[in-house]
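Single-letter residue listing:
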Amino acid sequence: MSRSVSDGTSSDDADHDPATEDAGHPTGHDTADHRLGLFSLAPAGHLGLRGRGLPPEERSRVLDELFYEGPDWRPYVSRFAVLIVLSTIIAALGLMSDSAAVTIGAMLVAPLMTPILATSAALIQGWARRFWVSVAVVLGGAAGAIATGFATSQLFHAAIEGVQLPGELLARTQPNLLDLAIAIAAGAAGAYVTMRREASSALPGVGIAVALIPPLATVGICFEIGRADLAEGALLLFSTNLACIVFAAALTFLITGFVPSIEWRQARSRKIVGLVVSALLVVAVAAPLAVYTIGQVRDQTLQRQVVDAVADWDPNQEIVEIDSDVADGRATIELTVMGEVAPLPAWRLADLLQQRRQEPVDVTLFWLQRDRQEAVAS
Amino acid sequence: MAIGVVVALVVVVPALIDVLDDNESPAPAPEDSTEPVVVFSELLGSEARALEAVFAPFEARTGIDVRLISSGSFETDLERTVDLGFPPDIALFPQPGFMEELAEEGRVKPLGPLAAEALAANYDPAVASLGELDGTTYGVIVRAVVKSLVWYPPAAFEEDGYEVPATWDELVGLADTIEQAGTSPWCLAVRDFDASGWVATDWVEDLVLRFSGVEVYDQWVDDEVPFTDVRIALPTARFAAIGTDPRQVHGGSGFVLGTYVWDAVDPMLRSPTDCYLLRQGDAQAAHLPGGTRVAPDGDLWVFPFPAREPGPPPMLLGGQLAAPFDERPEVDQTLAYLASPEAGQIWADRAEFVAPYATWDTAGDSALVTYARQLVDEAPVVRFDASDLMPLRVSRAFWAGMVDILGGARLDTVLAEIQQAWEPPPRDLITAP
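Keep in mind that this is a model prediction, so the values were computed, not measured.

A.B. asks: How should the overall build of chain B be read in this particular structure?
C.D. replies: Helix and strand counts for chain B come out as 20 helices and 11 strands. By residue count, 54% of the 433 residues in chain B fall in the buried class. Of all intrachain contacts in chain B linking residues separated by at least 6 positions in sequence, the fraction that spans at least 24 positions is 77%. With an accessible surface of roughly 18400 Å², chain B has 54% of that area assigned to carbon and sulfur atoms.

Below, the structure is given as structure tokens:
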């Protein structure tokens with residue numbers, strides 16, 4: 001196979017020889033796997049989307065784009081740091097001013113996608129050192145983004161103090177299973193685009209579809225305003241995106257023939273372990289996401305029921321705020337209504353809701369009187 | 001064959017259960033068991049959950065669907081449903097006076113045979129007579145709360161060297177010492193929607209019982225001693241002197257008038273404590289933040305609201321009377337169940353109150369309930385909350401008047417206004433809508 005021969009001379013291997021890392025593995029191990037027929041479909045390059053592996057020159061270009069080593073390292077790190085700080089500032093300000101356009105702009109500036117794809121590539125190649133360096137860059141960038149978000153929020157604290165939190169910000173605190181699916185598709189797209197230069201115009205779209213910096217900025221802002229509960233949701237969104245991209249990209253690299261067959265055979269078990277671990281990470285974020293999703297569906301149902309019930313209960317009242325929760329087969333609703341005349345008794349609302357939901361309902365009702373004063377100063 | 005067995009089971013087993021049920025209770029099975037028995041109360045939060053638990057086994061056993069509706073503005077809402085002609089089937093009245101008014105109007109019905117039998121079997125006759133009017137029994141007392149208690153934080157008392165007072169003078173002295181040390185002694189809050197002010201009427205009632213005696217108290221309840229009488233006005237003035245003094249009550253009138261009744265305890269639970277004394281019944285136990293320990297060495301404990309002389313003071317009680325608005329047999333059955341120690345035991349296990357039954361296993365009672373029961377047993381005089389015994393319009397005037405006094409209104413004017421509420425209202429107001 002000509003592919004594997006030329007691979008030996010590609011630029012990455014001069015710096016880092018996978019064979020060295022895999023020296024501990026007796027070759028007999030691999031043959032045993034073959035005998036058992038496990039993973040005998042590998043090298044998966046043959047299953048690639050084009051039925052063939054990546055040409056060697058393309059492969060080295062991709063590696064150059066993903067890994068910055070030797071003299072490239074220092075300029076890369078400083079560029080990365082500057083872009084992290086700038087994109088987070090843009091994202092944080094976009095979130096705080098509730099501007100979707102500014103937030104999308106931040107996504108295009110964000111540099112996190114490269115080290116995440118590098119993590120996937122290193123994972124599927126079984127390069128331990130490159131893997132950990134990439135992970136360190138990603139986590140360092142994430143920490144820097146959270147800190148920048150925190151600092152930006154502190155600097156512009158007055159913008160969100162005492163007002164209702166912007167929708168753009170809140171949207172990043174309630175991840176659900178859809179976000180997981182989006183991140184998987186976007187991770188696959190990211191890896192695919194990275195390998196196919198002709199499709200590289202699609203890369204910004206990948207960054208927008210699965211935003212990394214805005215959730216991190218949200219984490220920082222939420223910590224700064226003392227809402228750890230919201231920060232938790234945003235951190236879960238980032239973790240989801242991260243785990244899903246790593247997994248989907250690794251799988252894409254494998255399927256589309258980024259991994260040469262000879263390398264696949266070497267240290268195959270380590271690569272499989274890496275792939276399995278990243279799949280497990282996806283499962284690990286899917287569990288809390290499922291809980292979030294079920295909770296969201298449940299809360300939305302309850303909110304809809306409250307809105308309907310209020311209309312039937314007292315059409316003279318307008319809903320100002322609903323705070324509802326379901327726990328242990330019991331709905332708790334804090335409702336603020338506004339009207340010109342006092343509302344009908346709250347128990348009738350509780351009774352309506354109880355009959356519709358067939359479970360106990362606790363209602364706390366606040367009533368604001370809509371009143372009017374006129375004045376002139378001249 | 002298998003289908004036959006299933007059909008047989010489906011048909012026979014419920015019939016069998018019905019027969020067994022009939023054997024257990026002589027009441028005829030409800031004809032239309034789909035119509036629920038609606039129970040209306042003022043119990044919220046953990047107290048509402050306790051009541052749900054009380055009815056769970058009853059519903060399972062009898063097939064009667066008990067619907068519980070609770071409202072924080074019980075009196076207003078009950079009055080409105082009754083006026084509109086849609087009363088509940090059973091109401092748990094905190095005010096025997098209100099129940100009697102509705103009984104006189106023929107809205108509340110006399111107890112059915114099963115409930116009357118359960119009352120006779122399980123209650124001390126003196127307690128059972130609380131629901132009586134002119135020889136007919138309308139209500140069953142299902143819950144008693146002991147009101148003449150003062151809550152305090154034992155640890156802060158020990159740390160600051162304060163001692164539990166044994167007389168009224170010692171209590172006043174303690175409050176002054178605390179004030180001089182730079183903290184407000186009393187926690188007081190009276191806001192409770194339509195019933196705002198009841199905390200203050202409890203204070204006055206306790207002071208009338210202590211300073212003017214039980215005879216005056218009883219005459220006052222029956223409108224034989226007016227609110228304007230000096231024997232009522234003086235105890236009221238004693239309370240007003242404390243309640244309107246911004247150095248004696250935490251947060252001044254803003255906190256007193258603006259804070260929800262059960263939140264009065266919050267500043268006491270702070271560290272360091274912001275007030276040391278809260279005159280409030282054992283019902284406060286259901287309204288404490290989770291994890292608060294009520295015990296002599298806990299976060300909070302109580303001492304009896306002292307009398308002039310050392311020794312056991314009089315005790316003021318409150319409670320709930322369950323009374324029917326309907327004579328359907330399942331309503332009677334439900335009330336009879338409420339009057340049984342079985343229901344009481346489930347209830348008392350979940351909410352803290354002194355169960356009023358004569359035959360009662362006290363082993364499961366909490367430290368607070370045990371102490372409250374002991375104080376009631378030792379008390380030379382036990383009386384039901386006066387404002388709750390008066391007609392509802394007088395209770396309301398009394399509650400509202402106390403709010404006015406705490407807001408700085410003149411005592412004599414307010415007392416004269418409250419007294420006027422005894423005059424029956426014009427006819428057209430009673431029969432409105």
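A.B. asks: Could you clarify how one ought to interpret the overall build of chain A in this entry?
C.D. replies: The helix and strand tally for chain A stands at 18 helices and 3 strands. Going through the 378 residues of chain A one by one, you find that 47% of them count as buried. Residue pairs in contact within chain A that sit at least 24 positions apart in sequence constitute 80% of those at least 6 positions apart. A total of about 18200 Å² of accessible surface is found on chain A, and carbon and sulfur atoms cover 62% of it.

A.B. asks: I tried to follow the confidence of the model for chain B on my own but got confused; where do I start?
C.D. replies: When pLDDT is low, close inspection of the predicted coordinates is not appropriate. For chain B, mean pLDDT is 87; residues scoring 70 or higher make up 89% of the total. Taken together, the stretch residues 1-32 of chain B has pLDDT below 50 and engages in 16 contacts with residues farther than four places along the chain or on a different chain.

A.B. asks: Help me understand the sheet that holds strand 7 (residues 149-152) of chain B, please; the structure alone is not making it clear to me.
C.D. replies: Sheets are built from strands paired through backbone hydrogen bonds, the pairs being either parallel or antiparallel. Residues and elements named next belong to chain B. A sheet is described by the order of its strands in space; here 3 strands give the open sequence 8-7-9, paired in antiparallel fashion. At either end of the open sheet lies a strand with only one pairing partner, and these are strand 8 (278-279) and strand 9 (301-304). The pairing of strand 7 with strand 9 spans 4 bridges and is antiparallel. From the neighbouring strand, V150 faces strand 9, where its bridge partner is F303.

A.B. asks: I keep staring at the environment of R270(A) and nothing clicks. Help me out?
C.D. replies: Residues and elements named next belong to chain A. The topology assignment puts R270 in helix 17 (residues 268-313). Residue R270 is classed as partly exposed on the basis of its relative accessible area, which comes to 28%. Placed 146 residues apart in sequence, R270 and I124 show a C-alpha to C-alpha distance of 8.8 Å.

A.B. asks: Would you mind showing me how to read the pattern of salt bridges here?
C.D. replies: When the charged atoms of two side chains with opposite charge come close together, those side chains can pair. Using the criterion set out here, one finds 30 salt bridges over all chains in the structure. D362(A) is the partner of R330(A) in a salt bridge, and the nearest nitrogen-oxygen pair spans 3.1 Å. You can see R330(A) sitting in strand 2 (residues 330-339) and its partner D362(A) sitting in strand 3 (residues 361-369), a full 32 residues away along the chain. Put simply, D206(B) and R279(B) hold a salt bridge, and the shortest N to O gap is 2.9 Å. Pair noted here: D206(B) is in helix 9 (residues 198-211) and R279(B) is in strand 8, with a separation of 73 residues, a long-range link. You can call R279(B) buried: its relative accessible area is 1%. Sharing partners across several salt bridges, the network here consists of E35(B), D89(B), D326(B), R328(B) and E330(B).

A.B. asks: What's the story with the state of the cysteines in this structure? I'm lost.
C.D. replies: The term disulfide refers to a covalent linkage connecting the sulfur atoms of a pair of cysteines. Residue and element names in this part refer to chain B. If you walk through the whole model with that rule in mind, you get 1 disulfide over all chains. Between the sulfur atoms of C187 and its disulfide partner C275 the distance amounts to 2.2 Å. Note on the C187 and C275 pair: the S-S dihedral is about 110 degrees, so by sign convention the disulfide is right-handed. Separated by 88 residues along the polypeptide, C187 in the loop between helix 8 (168-180) and helix 9 and C275 in the loop between helix 13 (266-269) and strand 8 bring together distant segments of the chain. Taking the relative accessible area as the measure of exposure, C187 reaches 2% and is therefore buried.

A.B. asks: Got a minute to help me understand the interface of chain A and chain B in this structure?
C.D. replies: When the parts of a complex come together, some accessible area is lost, and that lost area is often taken as the interface size. Across the boundary between the two partners, chain A contributes 9 residues, which contact 10 residues of chain B. Around 800 Å² of area is buried between chain A and chain B when both sides are counted, 49% of it from carbon and sulfur atoms. The three residues of chain A that bury the most area against chain B are R330(A), P345(A) and W347(A), which together make up 62% of that side's buried surface. Across the chain A-chain B interface, the total number found is 3 salt bridges. Put simply, R330(A) and E52(B) hold a salt bridge, and the shortest N to O gap is 2.8 Å. Counting across the chain A and chain B interface gives 3 residue pairs in polar contact (both at pLDDT 80 or more). Broken down by element, the side of chain A that touches chain B gets its largest block of residues, 4 residues, from helix 18 (residues 346-357) of chain A. For the side of chain A that touches chain B, the per-class residue count stands at 4 nonpolar, 2 polar and 3 charged.

A.B. asks: Hey, could you run me through the side chain of D192(B) in this one?
C.D. replies: All names here are of chain B. With respect to the helices, strands and loops of the structure, D192 is situated in the loop between helix 8 and helix 9. With no salt bridge to any partner, buried D192 finds its closest opposite charge in R191, at an N-O distance of 8.2 Å. Beyond its immediate chain neighbours, meaning those up to four positions away, D192 contacts W198, Y260 and V261.

A.B. asks: When you look at the sheet that holds strand 3 of chain A in this model, what are you seeing that I'm missing?
C.D. replies: Residue and element names in this part refer to chain A. The 3 strands lie next to each other as 1-2-3, forming an open sheet whose pairing is mixed. Each of the sheet's edge strands pairs with one partner strand only, and the pair in question is strand 1 (318-327) and strand 3. Strand-to-strand twist in this sheet, taken as the mean axis angle between neighbours without regard to direction, amounts to 10 degrees. The pairing of strand 1 with strand 2 spans 9 bridges and is antiparallel.

A.B. asks: Sorry, what's going on with the confidence of the model for chain A here?
C.D. replies: Mean pLDDT for chain A: 79, with 82% of residues reaching 70 or above. Scored below 50 in pLDDT, residues 1-51 of chain A makes 76 contacts in the model with residues more than four places away or belonging to other chains.

A.B. asks: What should I look at first to understand the nonpolar core in this one?
C.D. replies: Burial of nonpolar side chains together is a common tendency in soluble globular proteins. Residues F93(B), W220(B), L277(B) and W347(B) are the most contacted members of the largest nonpolar core, which totals 144 residues. Looking at this core, the element that brings in the most residues is helix 9 of chain B, giving 9 residues. Setting aside residues no more than four positions away along its own chain, F93(B) makes contact with F74(B), L78(B), F98(B), M99(B), L102(B), V108(B), G319(B), Q320(B), L321(B), A323(B) and F325(B). Among the nonpolar cores identified, the runner-up in size contains 67 residues, and I84(A), M96(A), I245(A) and L289(A) belong to it.

A.B. asks: Can you help me understand the packing of aromatic side chains in this one?
C.D. replies: What characterises a pair of aromatic rings is the spacing of the ring centres plus the angle enclosed by the ring planes. Counted under the stated rule, the structure contains 28 aromatic pairs over all chains. Centroid distance F55(B) to F58(B): 6.4 Å. Interplanar angle 65 degrees. Geometry classified as edge-to-face. In this pair, F55(B) and F58(B) are both assigned in helix 2 (residues 45-62), 3 residues apart and thus about one turn of the helix distant. Across the pair, F58(B) and F55(B) agree in class, each one buried. When the ring of F74(B) is compared with that of F93(B), the centres are 6.0 Å apart and the planes differ by 85 degrees; the resulting orientation is edge-to-face. Of this pair, F74(B) sits in helix 3 (residues 74-83) while F93(B) sits in strand 3 (residues 90-93); the two residues are 19 residues apart in sequence, bridging distant segments of the chain. Accessibility classification places F74(B) together with F93(B) in one group, the buried group. The ring of W127(A) carries R130(A) above its face, with NZ or CZ at 4.4 Å from the centroid. A cation sits over an aromatic face here: R238(B) above F211(B), 3.9 Å from the ring centre.

Definitions and limits used
Residues numbered from 1 in each chain as written. Chains lettered and ligands numbered in written order. Predicted model: local features only at pLDDT ≥ 70, side-chain atom pairs only at ≥ 80, totals over all residues. Heavy atoms only, no water. Helix = DSSP H or I, 4+ residues; strand = E, 2+ residues; numbered from the N terminus. Buried < 20%, exposed > 50% of the residue type's maximum accessible area, 1.4 Å probe, protein only. Contact = heavy atoms within 4.5 Å. Areas by Shrake-Rupley, 256 points an atom, 1.4 Å probe, with all protein chains shown as cover. pLDDT = per-residue confidence, 0-100. Pairing = 2+ DSSP bridges. Salt bridge = Lys/Arg side-chain N within 4 Å of Asp/Glu carboxyl O. Disulfide = S-S within 2.5 Å. Buried area = accessible area lost by both parts, 1.4 Å probe. Polar contact = N/O pair within 3.5 Å; in protein donor to acceptor, adjacent residues only side chain to side chain. Nonpolar A, V, L, I, M, F, W, Y, C, P; charged D, E, K, R; others polar. Lys, Arg positive; Asp, Glu negative; His and termini not counted. Axes fitted to C-alpha atoms, helices over the stretch in contact; angles between N-to-C directions. Core = buried A, V, L, I, M, F, W, Y, C linked by side-chain atoms within 4.5 Å. Phe/Tyr/Trp six-rings, centres within 6.5 Å; stacked < 30°, edge-to-face > 60°. Lys NZ or Arg CZ within 6 Å of the ring centre and 35° of its normal.

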